[in-house]
Amino acid sequence: MTTAEHTVEKIGGTSMSRVRELLDTLFIGDRSGDALYNRVFVVSAFGGITNLLLEHKKSGTPGVYALFANADDDHGWLDALTEVGRAMGKAHHEVLEHAGDLNMADEFVRERIEGARSCLFDLQRLCSYGHFRLSDHMLVIRELLSGLGEAHSAFVTTLLLQRAGVNARFIDLSGWRDDTEHSLSERIASGLEGVDLAREMPIVTGYVQCTEGLMREFDRGYSEVTFANIAAQTSACEAIIHKEFHLSSADPKLVGEGKVRKLGHTNYDVADQLSNMGMEAIHPKAAKTLRQADVALRVTNAFDPGDPGTLIDDQPTKTPDVEIVTGLKVVALELFEQDMVGVKGYDAAILEALRRHNVWIISKTSNANTITHYIHASLKAVRRVARDLEEHYPAAEVNVRTLSIVSAIGRDLSGLRVLGRGLNALEEAGLGVIAAHQTPRNVDVQFVLGSQDMDKGVAALHSALIEARPLAPAAEAEQKAA
Ligand SMILES: Nc1ncnc2c1ncn2[C@@H]1O[C@H](COP(=O)(O)OP(=O)(O)O)[C@@H](O)[C@H]1O
Ligand SMILES: N[C@@H](CC(=O)OP(=O)(O)O)C(=O)O
């Protein structure tokens, strides 16, 4: 790889589904000749494909992986895999036009889907002998399946760009039919070996097959980890994440595009809080890689090419402000036991059960005899944790209920009375607040509401804490400059 000043840029699934429009904004736009190059693109699967391959990211609805894992019904996963092939075909038929390209993309999907099918089939048959345990291979299966989505989208994008006259090159890091073993950095290095960045545009799969196991270490959202590692390893001058909208003060689809404000500048602390709330501004592990390699990160709107977007760095702000309001559905797991007062160990036992069931903890509170965890997982998964705890603490009362958390986040919230003003706003909107907490560090305030009240809660807090205030002079300058 010959390197000059290049950028590494990631396109998420939602934007990938509109990849044709990206020709006019991001990939080509008003660029020509050399200006097209020195950009490495890392792509996610088309929107919804990974959900079908693994499981739905938000609802948990099983995909091929989950059906294969609990193969009570032997053939469910086979139909699901056929469905993925169909969905992939639908995705590329929406973006490609040329008959030759469509043929190649159809053939690509057929080869990968049928390859995966025979692989899973053979494994299932092998494991029927008893000496081989399916559970020993599940992680490899998860890796194999997830790689299909990114290989497909990168292949299709390369065809699209080549047809438009761009010298694009498909870089498949998914390890398909590759019998060599590589670490993450080796696979990246060998994938990009021989690429002339000044004259070629690499379209890299957001999934990397590697000895570390991308899924094992990072699970969903892994394409940001790939992106960050490529940016760090190739010493990119900037790492850019392209989104469907500007990174805004709330979800534009929920609050209205006209009401939200673009974030001109924020920091990794806010990005961590956002990803904790399921709003992946950036995967926390990816942020760490970029921070350590000293590569600047920018989040932009893929469809608004003239706008530099949001700069994310390590800097604190001079002007305290609520920057984002976001919400998440959660399940509250409450353990009450009178004997808890003054006794240690309850917390550790609950955490151990949560870890065993691999659920995501959003937040927690406790008092003398009660510990409550707010968890992002299916009700079914949390009920399993509850059953474990009931066995472990027969005298305890364990309660599980679905709720939502609405959170106001900013680099510095000091002096803004966010807790009090937020409570008022929610009360005025007629919403019952079940709990509220802030930490002394003053970067977020969380309000716990009924699960049906989440969207109204986001709108009420956004209106009171963000829309109601004029742009502070410093923030205004920052927005203008960005
Ligand atoms: N604060 C926010 N700013 C921008 N988009 C947001 C925000 N909160 C939620 N969203 C939603 O996130 C969706 C997907 O975001 P995007 O990052 O483009 O997807 P992907 O994860 O597929 O890359 C958008 O369609 C938008 O509705
Ligand atoms: N497609 C993968 C990887 C990813 O990062 O996707 P996105 O960039 O759309 O969040 C997933 O859904 O987990």
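This structure is a prediction, so every number in the text was calculated from the model and none was measured. (Residues numbered from 1 in each chain as written. Chains lettered and ligands numbered in written order. Predicted model: local features only at pLDDT ≥ 70, side-chain atom pairs only at ≥ 80, totals over all residues.)

Visitor: When you look at the sheet that holds strand β14 (residues 444-450) in this model, what are you seeing that I'm missing?
Guide: Strand pairing in a sheet relies on backbone hydrogen bonds. The paired strands run either parallel or antiparallel. Pairing is antiparallel across the open sheet formed by 6 strands, whose spatial order is β10-β11-β9-β12-β14-β13. Only two strands of the sheet have a single neighbouring strand rather than two, namely β10 (360-366) and β13 (433-438). In this sheet, neighbouring strand axes are inclined to one another by 30° on average, regardless of whether the strands run parallel or antiparallel. Inspection of the sheet shows β10 paired to strand β11 (residues 370-376) by 6 bridges, in the antiparallel sense. By the bridge assignment for β11, W360 is matched with H376. With respect to the sheet, helix α12 (residues 268-276) is in contact with β9 (324-336), β10, β12 (397-409) and β14, its orientation differing from that of β12 by roughly 140°. In this fold helix α14 (residues 346-356) packs onto β9, β10 and β11, with an angle of close to 20° to the strand it touches most, β11. (Pairing = 2+ DSSP bridges. Helix = DSSP H or I, 4+ residues; strand = E, 2+ residues; numbered from the N terminus. Axes fitted to C-alpha atoms, helices over the stretch in contact; angles between N-to-C directions. Contact = placed C-beta atoms within 7 Å.)

Visitor: Quick question: what am I supposed to make of the domain arrangement of the protein chain here?
Guide: Accessible area lost when the parts come together is the quantity often used to give the size of an interface. Domain parsing of the protein chain yields domain 1 (7-244) and domain 2 (324-481). Taking only C-alpha atoms into account, the centre of domain 1 sits 34 Å from that of domain 2. (Domains from an automatic or database assignment.)

Visitor: Mind showing me how you'd approach the site of ligand 2 here?
Guide: Residues in close proximity to ligand 2 total 13 residues, the closest being G12, G13, S44, T50 and S223. Counting residues per element, the shell around ligand 2 draws most heavily on helix α10 (residues 222-233), at 3 residues. (Near = placed C-beta within 6 Å.)

Visitor: Can you help me understand the site of ligand 1 in this one?
Guide: Surveying the vicinity of ligand 1 reveals 17 residues, the closest of which are G12, T14, K243, E244 and D251. Only α1 (13-16), α11 (252-255) and β9 provide two or more residues apiece to the shell around ligand 1. In terms of residue count, α1 provides more of the shell around ligand 1 than any other element does, 3 residues in total. Considered class by class, the residues forming the shell around ligand 1 number 6 nonpolar, 6 polar and 5 charged. (Nonpolar A, V, L, I, M, F, W, Y, C, P; charged D, E, K, R; others polar.)

Visitor: What's the story with helix α16 (residues 418-428) in this structure? I'm lost.
Guide: An α-helical turn contains 3.6 residues, so any two residues separated by three or four positions project in the same direction. Among the residues of α16, V418, G422, A425 and L426 are the ones counted as buried. Burial along α16 is one-sided: seen end-on, the buried residues are contained in an arc of 95°. For α16, the exposed residues lying more than 90 degrees away from the buried face are G420, E427 and E428. In the core, the buried residues of α16 are packed alongside β12, β13, β14 and α17 (454-467). (Buried ≥ 20, exposed ≤ 12 C-beta atoms within 10 Å, placed from the backbone. Arc of directions from axis to C-beta.)

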